[in-house]
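Structural overview
Each chain, written out:
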Amino acid sequence: MAVGLGVVVVRGRSMEPTLHTGDRMVVLRGAPPRMGRLAIVRLPPDESGMPRPLAIKRVTGRDPSDPRRYWVESDNQTVSGVADSWTHGIGSLAREQIRAVVLFRIPQRLRLPGGRRPLQ
Amino acid sequence: MLSRFFTPTEVSAHCDLPCGVYDPAQARIEAQSIKAIIAKVADNSDPDFRTRAVLIKEQRSELVKHHLWVLWTDYFKAPHFEKYPQLHTLFNEATKLAGASGTKGEFDAGKADELLAKIDEIDAIFKETKAA
């Protein structure tokens, strides 16, 4: 996997209160996951075989039953339909499913040209 | 290279299941997750992982109740309750199974199975009403 910088924008509520819709972050593709930090992950397809979109999750640890795999969680566990390693059919992720690590959030005041602010 | 850097990739923090759509599948996937959590904890002794599992299991149980209540109060209408008089009891029993005396408070795979069976019964009625 090529290592490189990228920018991602968040959609949805599953990482509140840490992140909100419209937040932008600089990520490092191909970097090794770090415990407790945020990562861009590819979750397995859902039960009907439909691919899930790239998602942002927190890497909370190794899978206790397989230390080569990573446990990822949403920060907001109260939102309806939350999908993470605790969700039936997902479980822990293999190293190659962790696509990028989040380096930092771009402050709203430093938005890149053309960047839209979320509704307040 | 620069344009690639400045064009953000959208990453999902969305809910995974259809929102605003009535379907017992929403309650079922949370109940299946609860069952998986109980199994995961059974063969694990890591105290942090177990603590986390307790919290998540309570939250997912609350989500089961939420999804069932939405079906009970918003989807099903008076004619449904006339045609299926057992519906009220089914919802009452199912939400109890997701409560403190059920999956929310206990690590009992049997309770999770009972909860899934109740959700299946509700789902069967749901599908009949959809087909009607």
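Keep in mind it's a predicted model, so treat the numbers as computed, not measured.

Reading the values: rules and limits
Residues numbered from 1 in each chain as written. Chains lettered and ligands numbered in written order. Predicted model: local features only at pLDDT ≥ 70, side-chain atom pairs only at ≥ 80, totals over all residues. Helix = DSSP H or I, 4+ residues; strand = E, 2+ residues; numbered from the N terminus. Rg over C-alpha atoms; globule rule 2.2 N^0.38 Å. Buried ≥ 20, exposed ≤ 12 C-beta atoms within 10 Å, placed from the backbone. Contact = placed C-beta atoms within 7 Å. Nonpolar A, V, L, I, M, F, W, Y, C, P; charged D, E, K, R; others polar. Pairing = 2+ DSSP bridges. Expected span 1.5 Å × (residues − 1). pLDDT = per-residue confidence, 0-100. Core = buried A, V, L, I, M, F, W, Y, C linked by C-beta atoms within 7 Å.

Digging into the overall build of chain B
When its secondary structure is counted, chain B shows 6 helices and 1 strand. The N-to-C order of helical and strand elements in chain B reads α-β-α-α-α-α-α. Taken over C-alpha atoms, the radius of gyration comes to 18 Å for chain B, far larger than the 14 Å a tight globule of 132 residues would show. Seen through its C-alpha atoms, chain B measures out along the principal axes to roughly 65 × 45 × 20 Å. The buried share of chain B, taken over its 132 residues, is 33%. When contacts within chain B are restricted to residue pairs at least 6 apart in sequence, those whose partners lie at least 24 apart make up 67%.

Notes on unusual backbone geometry
With an omega dihedral of 5°, the bond running from A:Glu16 to A:Pro17 counts as a cis peptide bond. Residue position: A:Pro17 is located in the loop between β1 (4-11) and β2 (24-29).

Concerning the interface of chain A and chain B
On the chain B side, the residues contacting the 33 residues of chain A number 27 residues. Among the elements of the structure, β1 and β4 (54-63) of chain A are those that each provide at least two residues to the side of chain A that touches chain B. In terms of residue count, β1(A) provides more of the side of chain A that touches chain B than any other element does, 7 residues in total. Among the residues making up the side of chain A that touches chain B, the classes are represented as 18 nonpolar, 10 polar and 5 charged. Inspection of the sheet shows β1(A) paired to strand β1 (residues 9-12) of chain B by 4 bridges, in the parallel sense. When the bridges of β1(B) are listed, A:Arg11 appears paired with B:Ser12.

A word on helix α2 (residues 25-42) of chain B
All names here are of chain B. Helix length check: α2, at 18 residues, gives a terminal C-alpha distance of 26 Å against a target of 26 Å (1.5 Å per residue), a fit within 8%. Considered for burial, the residues of α2 that qualify are Gln 26, Ala 27, Arg 28, Ile 29, Glu 30, Ala 31, Ser 33, Ile 34, Ala 36, Ile 37, Ile 38 and Lys 40. In this fold, the buried residues of α2 make contact with α3 (47-75) and α6 (109-131).

Here we look at the pairing of strand β3 (residues 38-42) of chain A
All names here are of chain A. With 4 of 5 residues buried, β3 is to be regarded as a mostly interior element. Bridge count between β3 and β4: 5 bridges; the pairing is antiparallel. Note on β4: the bridge partner recorded for Ile 40 is Ile 56. One ladder, built from 3 bridges, connects β3 with strand β6 (residues 98-105); its direction is antiparallel. Its bridge partner lying in β6, Ala 39 is registered against Val 101.

Overview of the confidence of the model for chain B
Residue and element names in this part refer to chain B. Per-residue pLDDT for chain B averages 90, and the proportion of residues at 70 or more is 90%. Mean pLDDT per element in chain B: helix α1 (residues 2-6) is the minimum at 54, and helix α5 (residues 87-97) is the maximum at 97. Across the interfaces of the predicted complex, the ipTM metric reaches 0.85, alongside a pTM of 0.86.

Thoughts on the nonpolar core
The biggest cluster of nonpolar side chains holds 25 residues, and the ones touching the most others in it are A:Ala39, A:Ile40, A:Val41, A:Ile56 and A:Val72. Elements represented by at least two residues in this core include exactly β1, β2, β3, β4, β5 (66-73) and β6 of chain A. Broken down by element, this core gets its largest block of residues, 4 residues, from β3(A). Excluding anything up to four places from it in sequence, A:Ile40 contacts A:Val8, A:Val27, A:Leu54, A:Ile56, A:Arg99, A:Ala100 and B:Val11. B:Ala31, B:Ile37, B:Ala94 and B:Leu115 belong to the second largest nonpolar core, which has 21 residues in total.

Focus: α6(B)
Residue and element names in this part refer to chain B. With 23 residues, α6 should reach 33 Å at 1.5 Å per residue; the first-to-last C-alpha distance of 33 Å fits that figure. Taken together, the buried positions of α6 are occupied by Lys 111, Ala 112, Leu 115, Leu 116, Lys 118, Ile 119, Ile 122 and Phe 126. The elements touched by buried residues of α6 are α2, α3 and α5.

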